[in-house]
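This is what each chain is made of:
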Amino acid sequence: MFHPVGNQHPSVYWRRRLLLFAALALLVVLLALTVRAMSSNAAGKPAAAGPQHSAPAGPAATSHSSSGSTAASSAGRSNHRQHQHATESKQSSSVANSASSSASSSAPDAASSGASTSAAPPARCQAKDLDIRAVVARPSYQVGQRPEVELQVTNTGTQPCVQDLADKQVVLKIYNGESRVWGSHDCQIEPGTDDRVLAVGSPVRVSITWSGLTSQPNCAGTRQRVGAGTYTLYASLSGHTGKAAQFTIS
């Protein structure tokens, strides 16, 4: 092996052997590199596959999420616009209904106003439907004071009625026992009428401030200051006398 045998010069054979050895060595190196590369590729494929798989999945998912968000946002904006439109429609409808209701309510009001205008006023009060009574502002007074005496009338009927409460219809008289002391029509009667609608169950009063002086019909005689005692007030309306009231002067 170390002593080549042949017709040619030994150096030729050595060069051939060297070339063969170099080729074998190169082949071995190439094989080693190939095996190493294959091993590296085999080991690197799962790791590479993972990023390659996750990388596309990331953008794809992001794209999908973005697309979903965009779609949801678009749907939300669309729904919001639809809601606003519906709200505007409802508001417009509400305004229209309100205007219609206003118009329709105005019509009955106008009709009722016309009806009330054309309707007959309440009837005149009947004596049987009136509760008449005398009222004194205070139960007792001092000599020299001016008692407040009143006629109170209450409609006890079932419907409002009209009653004239002018001075000539209201008569107040004060007695001391059997003696007549004062009358509201003795010296003066105010002219005119005072028609009032009396609601059912609502008392109405007509007040007169008595001077505390005596009087006689047609304002005859001399008026004198009354003294201490018990006095009775009588009240009548349109000729109908009601319940009396007592008070004292001391």
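Residues numbered from 1 in each chain as written. Predicted model: local features only at pLDDT ≥ 70, side-chain atom pairs only at ≥ 80, totals over all residues. Heavy atoms only, no water.

## Observations concerning the state of the cysteines
At step 1: A complete count under the given rule lists 2 disulfides for this structure.
At step 2: Through a disulfide, Cys125 is tied to Cys161; the S-S separation comes to 2.0 Å. On the S-S bond that ties Cys125 to Cys161, the torsion sits near 90 degrees, and the link is right-handed. With Cys125 in the loop between α1 (10-118) and β1 (130-136) and Cys161 in strand β4 (residues 161-164), this residue pair connects regions lying 36 residues apart in the sequence. Across the pair, exposure class does not vary: Cys125 and Cys161 are buried alike.
At step 3: Disulfide pairing is shown between Cys187 and Cys219; the S-S distance is 2.0 Å. Because the torsion about its S-S bond is 80 degrees, the bridge between Cys187 and Cys219 counts as right-handed. (Disulfide = S-S within 2.5 Å. Helix = DSSP H or I, 4+ residues; strand = E, 2+ residues; numbered from the N terminus. Buried < 20%, exposed > 50% of the residue type's maximum accessible area, 1.4 Å probe, protein only.)

## A closer look at the side chain of Ser215
At step 1: In this fold, Ser215 is placed in the loop between β8 (204-209) and β9 (229-237).
At step 2: Look at Ser215 and you get buried, because its relative accessible area is 6%.
At step 3: Polar side-chain contacts of Ser215 include one of 3.3 Å to the backbone nitrogen of Gly183.
At step 4: At 2.6 Å, the side chain of Ser215 forms a polar contact with the side chain of Asp186.
At step 5: The residues contacting Ser215, other than those within four sequence positions of it, are Arg180, Val181, Trp182, Gly183, Asp186 and Arg223. (Polar contact = N/O pair within 3.5 Å; in protein donor to acceptor, adjacent residues only side chain to side chain. Contact = heavy atoms within 4.5 Å.)

## Examining the environment of Gly201
At step 1: One can find Gly201 in the loop between β7 (195-198) and β8.
At step 2: The sequence separation of Gly201 and Thr158 amounts to 43 residues, and the corresponding C-alpha distance is 9.1 Å.
At step 3: With sequence-adjacent residues up to four places away left out, Gly201 is seen in contact with Thr154 and Asn155.

## Points about the pattern of salt bridges
At step 1: Using the criterion set out here, one finds 6 salt bridges in the structure.
At step 2: The partner of Arg205 in a salt bridge is Glu150, with the nearest N and O atoms 3.1 Å apart. Taken as a pair, Arg205 in strand β8 and Glu150 in strand β3 (residues 148-155) lie far apart in primary sequence, 55 residues in all. (Salt bridge = Lys/Arg side-chain N within 4 Å of Asp/Glu carboxyl O.)

## Some remarks on a nonpolar patch on the surface
At step 1: On the surface, Leu18, Leu20, Phe21, Leu24, Leu27 and Leu31 cluster together into a nonpolar patch covering about 590 Å² of accessible area.
At step 2: Tracing the backbone shows Phe21 in helix α1. (Patch = residues over 30% accessible without salt bridge, like charges linked within 9 Å, V, L, I, M, F, W, Y side chains within 5 Å. Areas by Shrake-Rupley, 256 points an atom, 1.4 Å probe, with all protein chains shown as cover.)

## Considerations on the pairing of β8
At step 1: Residues Val204, Val206 and Ile208 point to one face of β8 and are all buried, whereas Arg205, Ser207 and Thr209, pointing to the other face, are not buried.
At step 2: As paired strands, β3 and β8 are joined by 6 bridges and run antiparallel to one another. Across the sheet, the residue bridging to Val149 is Ile208, located in β8. (Pairing = 2+ DSSP bridges.)

## Details of the nonpolar core
At step 1: Membership of the largest hydrophobic core comes to 29 residues, with the highest contact counts inside it found for Val153, Ile174, Trp210 and Phe247.
At step 2: Mapped by element, the contributors of at least two residues to this core are β1, β3, β5 (170-176), β6 (179-183), β8, β9 and β11 (245-249).
At step 3: For Trp210, the contacting residues outside a window of four places in its chain are Arg146, Pro147, Val149, Ile174, Val181, Trp182, Val226, Phe247 and Ile249. (Core = buried A, V, L, I, M, F, W, Y, C linked by side-chain atoms within 4.5 Å.)

In short, the description is geometric, and any link to function would need to be established separately.
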